[in-house]
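Working through the structure, step by step
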Amino acid sequence: MVKAIISFFLVLLFVSTEVSAAEIRKVIPPDSPSLSSIVIEGLIEPGDFLKFKQALTSEPFLDKVTLWSPGGDALEAIKIGRLIRKLRMRTEAPLVWRLKDGNNVWCKLMGTTEKLDQENPNCSCLSSCFLIYTAGIERYGNYLGVHRPHIPPERLLTLSDDKVEKGMKAAEQLVRDYLIEMDTPRDIIDIMMKTNSQEIYFLTKAQEEEIQQEVPFVEELILSNCKEMS
């Protein structure tokens, strides 16, 4: 029953008519193979998990996922995220330079040589993109925005208050459990759930640094190996 409620309600965390469906591709600069990555760019939609899986099966296998997305389907993002964690891959969000007055300068898609200005709607990692980002065993980038999962407006109009309440609670619990599974700091999860679906909370520099710290199990593996070597 709970699974059915979640499938019905948790469709999109963020929607924009100005963005296109996600393009999933490999980028391998011939002169800088160390910057190679699988890129997910655009709106995350049903079917993207299979596209991502297919990209991984072709040669060469890459261990880094570059994210450039305003969000999309949360359930699809969670499936992609769990595969990323299973394969011990790294994740990168866009890197945005800011002037001293706080204005954005331009946005660089990390792992490639592509550069676009901040007007490009894909130049961010927001909402359900953040769910994929948290799956990385190493996380980079600084343009990260979150808000709570929500029911699409067209469905809200057809539902009773009781169904809205049950659906929201089920969706929020699913996302919260997933983020804990991905070792996301609890304070960031709490802020995400407090931010309504019509707003975006952008992580502060301190929060970016917090989420980019060593994933606990990776840190313990490193410490264990270092102890054995010493």
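Now for a quick tour of the structure. What you are looking at is a predicted structure, and each value in this text was computed from that prediction instead of being measured.

Two elements in contact, helix α2 (residues 48–57) and helix α3 (residues 74–86), have axes separated by 8 Å at closest approach and are oriented at 25 degrees. In terms of orientation, α2 and α3 fall into the roughly parallel class. Between α2 and α3, the contacting residues are Asp-48, Phe-49, Leu-50, Phe-52, Lys-53 and Leu-56 on the first element and Glu-76, Lys-79, Ile-80, Leu-83 and Ile-84 on the second.

Our focus in this paragraph is the packing of aromatic side chains. Scanning the model with the defined rule gives 2 aromatic pairs in all. Taking 6.2 Å as the distance between ring centres and 25 degrees as the angle between the ring planes, the aromatic pair formed by Phe-130 and Tyr-133 counts as stacked. You can see Phe-130 and its partner Tyr-133 sitting in helix α4 (residues 128–133), 3 residues apart, about one turn around the helix. Of the two residues, Phe-130 and Tyr-133, both sit in the buried class.

Okay, the pattern of salt bridges next. Counting across every chain of the model gives 11 salt bridges. One salt bridge in this structure joins Lys-64 and Glu-92, with 3.8 Å as the shortest N-O distance. Within this pair, whereas Lys-64 is found in strand β3 (residues 64–68), its partner Glu-92 is found in strand β4 (residues 90–92), the two being separated by 28 residues in sequence. Between Glu-181 and Arg-82 there is a salt bridge; the shortest N-O distance is 2.8 Å. With Glu-181 in helix α6 (residues 161–181) and Arg-82 in helix α3, the pair connects residues that are 99 residues apart, well separated along the chain. A relative accessible area of 38% places Glu-181 in the partly exposed class. A relative accessible area of 39% means that Arg-82 is categorised as partly exposed. Residues participating in the shared-partner salt-bridge network are Glu-23, Arg-25 and Glu-41.

Another point: the sheet that holds strand β11 (residues 201–202). Pairing within the open sheet is mixed, and its 3 strands lie in the order β8-β10-β11. The two strands at the open ends of the sheet, each matched to only one other strand, are β8 (125–126) and β11. Where strand β10 (residues 144–146) meets β11, 2 bridges bridge the pair, whose relative direction is antiparallel. Of the residues in β11, the one forming a bridge with Val-146 is Tyr-201.

Our next topic: the packing of α3 against α6. It is at 11 Å that the axes of α3 and α6 come closest, and there the two elements cross at 15 degrees. Judged on the interaxial angle alone, α6 and α3 are roughly parallel. For the pair α3 and α6, the crossing hand works out as left-handed. Where α3 abuts α6, its residues Leu-75, Ala-77, Ile-78, Gly-81, Arg-82 and Arg-85 lie against Leu-174, Tyr-178 and Glu-181. For the contact of α3 with α6, the per-class residue count stands at 5 nonpolar, 1 polar and 3 charged.

Definitions and limits used
- Residues numbered from 1 in each chain as written.
- Predicted model: local features only at pLDDT ≥ 70, side-chain atom pairs only at ≥ 80, totals over all residues.
- Heavy atoms only, no water.
- Axes fitted to C-alpha atoms, helices over the stretch in contact; angles between N-to-C directions.
- Helix = DSSP H or I, 4+ residues; strand = E, 2+ residues; numbered from the N terminus.
- Parallel < 35°, antiparallel > 145°, perpendicular 65-115°, else oblique.
- Contact = heavy atoms within 4.5 Å.
- Phe/Tyr/Trp six-rings, centres within 6.5 Å; stacked < 30°, edge-to-face > 60°.
- Buried < 20%, exposed > 50% of the residue type's maximum accessible area, 1.4 Å probe, protein only.
- Salt bridge = Lys/Arg side-chain N within 4 Å of Asp/Glu carboxyl O.
- Pairing = 2+ DSSP bridges.
- Left-handed = near helix turned anticlockwise from the far one by under 90°.
- Nonpolar A, V, L, I, M, F, W, Y, C, P; charged D, E, K, R; others polar.

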